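An overview of the molecular structure
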Amino acid sequence: MSKERIQISEALYDIMPSDYQDLVKSATYGKDDRGWKDIGTSKELIEQHSLCAGCPESMAFRYILASLPNPEDTVMVGSTGCTSLVFPMVAVHNIHSLFGNQNAIASGLKRALSVRFPGRVKDVVVLAGDGATVDIGLDMTLQAWFRQEKFTTICFDNELYANTGGQESGLMQKGFVAKMAPVGKLFDKVRLPEIARESGCHYVVNCTVSKPSLVEKVIRNAVHIAREIGPTYLQLYTPCILEIGKNSMEGLQEMRDSEKPTERFAYKEYISDPAKQLLAELAAKDKERKAAAKQLAAQAQAN
Amino acid sequence: MAETKSLIGTQNTKGQTYTDPWKLLHEAPRTPSFFTGSEVIKEAIRRASCDVMIAYPITPQSEAAALIGELFAEGYVGDYFRGESEFAVMSQCAGAAFGGARVFTTTAGPGTMRAMENFPMWAGARLPIQMIVTCRGINSPLSIQPDTLEIAYLLNTGMLVWHAETAQDFFDWILKGYIVSEEPEVHLPLALCCDGFFVTHTKDVVNLTPADMCLPPYDPYRSPVPCMDMECPPVRMMRDPFVMKSNYISYATHASWQQEIWAAVERSRKHSIHWLNGLIDTENTDADIMIVASGTAVSQGREAIRMLEDEGVRCGLVKVKTLRPWPEEEIREATKNAKHIFVPEFNVTGWLAKEIRATIPNHHRVHAGPHVCGGMTMPPEIIVSEIKTALGMKTFSLAGRGS
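Not measured: the values here are computed from a predicted model. (Residues numbered from 1 in each chain as written. Chains lettered and ligands numbered in written order. Predicted model: local features only at pLDDT ≥ 70, side-chain atom pairs only at ≥ 80, totals over all residues.)

A short note on the packing of helix H4 (residues 102-116) of chain A against helix H5 (residues 86-98) of chain B
H5(B) packs onto H4(A) with a crossing angle of 40° between their chain directions and a minimal axis gap of 6 Å. Relative to H5(B), the element H4(A) lies oblique. As H4(A) packs across H5(B), the resulting crossing turns out to be right-handed. Between H4(A) and H5(B), the contacting residues are A:Ala104, A:Ile105, A:Ala106, A:Ser107, A:Gly108, A:Leu109, A:Arg111 and A:Ala112 on the first element and B:Ala88, B:Ser91, B:Gln92, B:Cys93, B:Ala94, B:Gly95, B:Ala96 and B:Phe98 on the second. Residues of the contact of H4(A) with H5(B), tallied by class, amount to 10 nonpolar, five polar and one charged. (Axes fitted to C-alpha atoms, helices over the stretch in contact; angles between N-to-C directions. Helix = DSSP H or I, 4+ residues; strand = E, 2+ residues; numbered from the N terminus. Parallel < 35°, antiparallel > 145°, perpendicular 65-115°, else oblique. Left-handed = near helix turned anticlockwise from the far one by under 90°. Contact = placed C-beta atoms within 7 Å. Nonpolar A, V, L, I, M, F, W, Y, C, P; charged D, E, K, R; others polar.)

Digging into the domain arrangement of chain B
Residues and elements named next belong to chain B. Its domain assignment divides chain B into domain 1 (2-222) and domain 2 (280-390). In this structure, domain 1 and domain 2 have C-alpha centres spaced 27 Å apart. Every contact between the two is made by 20 residues of domain 1 and, on the other side, 20 residues of domain 2. Going through the elements one at a time, helix H8 (149-154), strand E7 (160-163) and strand E8 (190-195) are the ones with two or more residues in the side of domain 1 that touches domain 2. A total of four residues in the side of domain 1 that touches domain 2 trace back to one element, the largest contributor, which is E7. Residue classes in the side of domain 1 that touches domain 2 are distributed as 12 nonpolar, five polar and three charged. (Domains from an automatic or database assignment.)

Regarding the sheet that holds strand E3 (residues 123-129) of chain A
Residues and elements named next belong to chain A. Reading across the sheet, the seven strands line up as E2-E1-E3-E4-E6-E5-E7 and stay open at both edges, with mixed pairing between neighbours. Where the open sheet ends on each side, the last strands, each with one partner, are strand E2 (94-95) and strand E7 (268-271). Pairing between E3 and strand E4 (residues 152-157): five bridges, direction parallel. Across the sheet, residue Leu127 finds its bridge partner in E4, namely Ile154. (Pairing = 2+ DSSP bridges.)

Overview of the packing of helix H11 (residues 296-310) of chain B against helix H14 (residues 380-390) of chain B
How two helices sit against one another is set out by the angle between their axes and by the gap between those axes. Residue and element names in this part refer to chain B. Look at H11 against H14: their axes get within 8 Å of each other, and the N-to-C directions meet at 60°. It follows that H11 is oblique to H14 by the angle criterion. Considering only the axes of H11 and H14, their crossing is right-handed. On the side of H11, the interface is formed by Gln300, Gly301, Glu303, Ala304, Met307 and Leu308, while H14 contributes Pro380, Ile383, Val384 and Ile387. Tallied by class, the residues present in the contact of H11 with H14 amount to seven nonpolar, two polar and one charged.

Focus: the interface of chain A and chain B
Taken together, the contact between chain A and chain B spans 38 residues of the former and 37 residues of the latter. Those elements giving two or more residues to the side of chain A that touches chain B turn out to be helix H1 (18-26), strand E1 (74-77), helix H3 (83-86), H4 and helix H6 (138-146) of chain A. The leading source of residues in the side of chain A that touches chain B is H4(A), at 11 residues. Residue composition of the side of chain A that touches chain B, by class: 20 nonpolar, 10 polar and eight charged.

Thoughts on the environment of B:Asp288
All names here are of chain B. When you line up the elements, Asp288 lands in the loop between strand E11 (280-283) and strand E12 (289-293). Owing to 14 C-beta atoms within 10 Å, Asp288 belongs among the partly exposed residues under this scheme. Distance from Asp288 to Pro327, taken between C-alpha atoms, is 21 Å for residues 39 residues apart in sequence. The residues touching Asp288, leaving out its near neighbours within four places in the chain, are Ala338, Lys339 and His340. (Buried ≥ 20, exposed ≤ 12 C-beta atoms within 10 Å, placed from the backbone.)

Thoughts on unusual backbone geometry
All names here are of chain B. Here the bond from Ser140 into Pro141 is cis, since omega is 0°, no more than 30 degrees from zero. Within the secondary structure layout, Pro141 lies in the loop between strand E6 (130-135) and H8. Residue Pro370 follows Gly369 across a cis peptide bond; omega there is 5°. Relative to the elements of secondary structure, Pro370 occurs in the loop between strand E16 (366-367) and H14. Located in the positive-phi region is Ser49, a residue other than glycine, with phi close to 50°. Mapped onto the elements, Ser49 comes out in the loop between helix H3 (37-46) and strand E3 (52-55). Positive phi, normally seen in glycine, also occurs at Arg126, with a value near 60°. As for its position among the elements, Arg126 is in the loop between helix H7 (118-124) and E6. Residue Arg126 is classed as buried on the basis of its C-beta count, with 20 C-beta atoms lying within 10 Å.

Some details on the confidence of the model for chain B
Across chain B, pLDDT averages 94, with 94% of residues at or above 70. As scored by the predictor, the complex reaches a pTM of 0.95 and an ipTM of 0.94. (pLDDT = per-residue confidence, 0-100.)

As for H4(A)
The terminal C-alpha atoms of H4(A) lie 21 Å apart, and with 15 residues this matches the ideal 21 Å at 1.5 Å per residue to within 8%. The element H4(A) is largely enclosed, with a buried count of 13 among its 15 residues. (Expected span 1.5 Å × (residues − 1).)

Concerning the pairing of strand E6 (residues 232-237) of chain A
Residues and elements named next belong to chain A. Counting buried positions along E6 gives six out of six residues, so the element sits mostly inside the fold. By the alternation rule, side chains of E6 split into Thr232, Leu234 and Leu236 and Tyr233, Gln235 and Tyr237, which are all buried. Examined bridge by bridge, E4 and E6 share six bridges and lie parallel to one another. Opposite Asp157, over in E6, you have Tyr237 as the bridge partner. As judged from the six bridges shared by strand E5 (residues 203-208) and E6, these two strands associate in the parallel manner. By the bridge assignment, Thr208 is partnered in E6 with Tyr237. Once you follow E5 into helix H8 (residues 212-228) and on to E6, the crossover reads as right-handed. (Right-handed = clockwise from strand over helix to strand, strands pointing away.)

Okay, structure coming up:
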C-alpha cells in the first residue's frame, strides 16, 4: 500500500476520526530508517492499549510496531489471549480468528498474498502468546516451519496463561506453582528455540524486551530473513507482572534479572548459513546507503 | 465490481476466457462426459478461477483433493498444498480468504468434525470459502462408509449448506456456489455436501461446459468487510475490544453481528433461487403422499415413486437443494396437499425430518423414515415398504425371517 492510498479527501478531512488524521499526518510508512527511536514522535501504529498498567507486553508491542521494516505492506496475525486485547488498536491489518491457529492462518494468508501480488513484498508476522504458540497451537507452529512458510513467528512468552488468570503453560518453569499446577509444574520449560532450529527456522532468537534497540534489530532481521529465505522465530520474555506477584514498575527489572547469562532468557541466537549471507548483504547495502548519504551531505556542505 | 466485469472476454494464463457466469452456465455448449464424482469436482475447479486450494487426505474425498493438485501442477490453481489436519486446513483456508483469495477445499466425516471450530469463524469473518463435504460416518467404531449425520452439525454455523444429489448438481453448483456466496450482500462460506461414495466414486454422464471458459476471478474489494492485504487503510478499531467486556455495548455488538450473518444467509435466498432455479424441485405435488429428501435419497425416492406407480399408488417428490437457506415457504407450499410425508435419510437421527416437522403445519403428517446409516444402502423397496406400512397396505418382508 502506498502512502497516497491513506490520504483523506479535503472535503471530508474534518469529519475523519483524529486517529486517522494522525495516521495520515505522521505515520512512518515508507520510511527506510524507522525504528524504536520514532517512539514518542510517531505512535500512530499503536497508541493506546488495554493491558494492565506497566505490562511489559505493551512495551514489546510498541518496539515491534516501531521496528517493522515495511508496515505499509505487513499483515499481522494474532491469537486469543492478552495480545488480542491490543490488536484492535493496531493500525496494521491484523487477523484474529481462533485460539492456536495463528500459524495456519499465516500460511494461507502468505500464500494468498503471494498469488495476488506477485513480485511485490507483502510481509506476514505472527504475534501470539506462549499458550497459543506452544500448547494448543504447537502442531501448526511446527508444521508451518517444516513447510518453510515465509513468515515470522513471534511468541510473547510470559510463562503462563495470563488472560485466563495465570494457569500453567508449557513454557512455564518447572516447579512454579500456578493454577492447574497446584503442586508445582512437573516438567521442564519446553525448549522451543531449539525445536525451532531443528524444525527449519532460519533465524531464532530468545531474549527479553528490556532493550528496545535489541528488539528493533531482531525484528528487522527476522522479517527480512522470512521474506527472502524461510521461517523465523522470536521468543520474547514479556513477564506477566500480575501473576508473578510484581508491581507495575517492576517489569523492566524482572526482564533484566532474567536475561543474565545463567538465566533462562540469556540472549540466544541461531542464524542459518543462507540467513547469515542475507544479513551480510543487507548490512553492506546499509553501509553503502549511509556512505552515499554522508557523501551527499559533505558535498552539500562544500557547495 | 467494475474490476471483475472488465475482465470478461479476456484470457487467463492458461488461455481460458473469463466468461459471464450466466452465459457460462446457461448458454455455453455442454459436452456429455462419463466421469466419477471426484473427476467432476476437478473439472468444475478447472473452470472456477480458484486462487488457493488446501488438501488433506480423508476417505472419500482424497481423490478429489489430489486431482485438484494435478490442476495446480498444470497451472489452473494459484497455490496448493497439503495441510496437517482438517483443523489446520480450514484455518489455512481462512488465512487465504482473509488475504483476498478465492479458496476451495474438501473434507469428509471426522474431518468435518475436527475442523468444526473454524466454520462459525468463517461465517463470522464473512469469508466466502467453498468446502466440499463428501459425507461419511462420524461414529465410533470407525467407519468410512456413507452417512450424512455430519450435515446436521453444519446447519447452525452460519454457512450456506447445499446438498447435491448427482455429479451434475456438483459440477454446476460448485461454479454457482462461488457466484452466490461471493455476492457482497451474502459473502458467506458454502458447505456443498454430497453423499460420499454414492456420488464421489460412481461414474455418471455429466454435461460439462467448455474447458476454455472459466468464471471471472474473485474481487475481494466487493467484500462487506476489509480484505486483510494492507491495500486499504487500516484503522485502529476501538480502545476496548468487545471480546470480554461485560457491558451492554459489547453484548449488543456481538448480537447484531450474529444477526447480520443470519440476515446474510436469508439474503442468499434470492440469489440461490435465481442460480439453482429454486431451492427445491418438485414432482406430483397434488399427490396425497409426498417424499421429501435431499442428496442421493432423492434418487432412491424417485425410484420408489416409479415402483409405487406400478402398484397404483400415486406419490409426489420434493428435492431439497439448499438446507441453508432453508426453503420453508417452498416446502409448506409443495406439501400442502399431502396427507403423508415421508423423509428417507442416510443417517440415524433424521435431521431433515426434524427440520421439516418444525416447518410445516400439521406436522404429524411427517413420517421420519426410512433411515439407513453406517454405510447401508437404501434400496427403493424399503421406501416403498415404509409407505405401504404407514398406509396399512400389505407389504413384503425385507431381509427378515419371513412373515
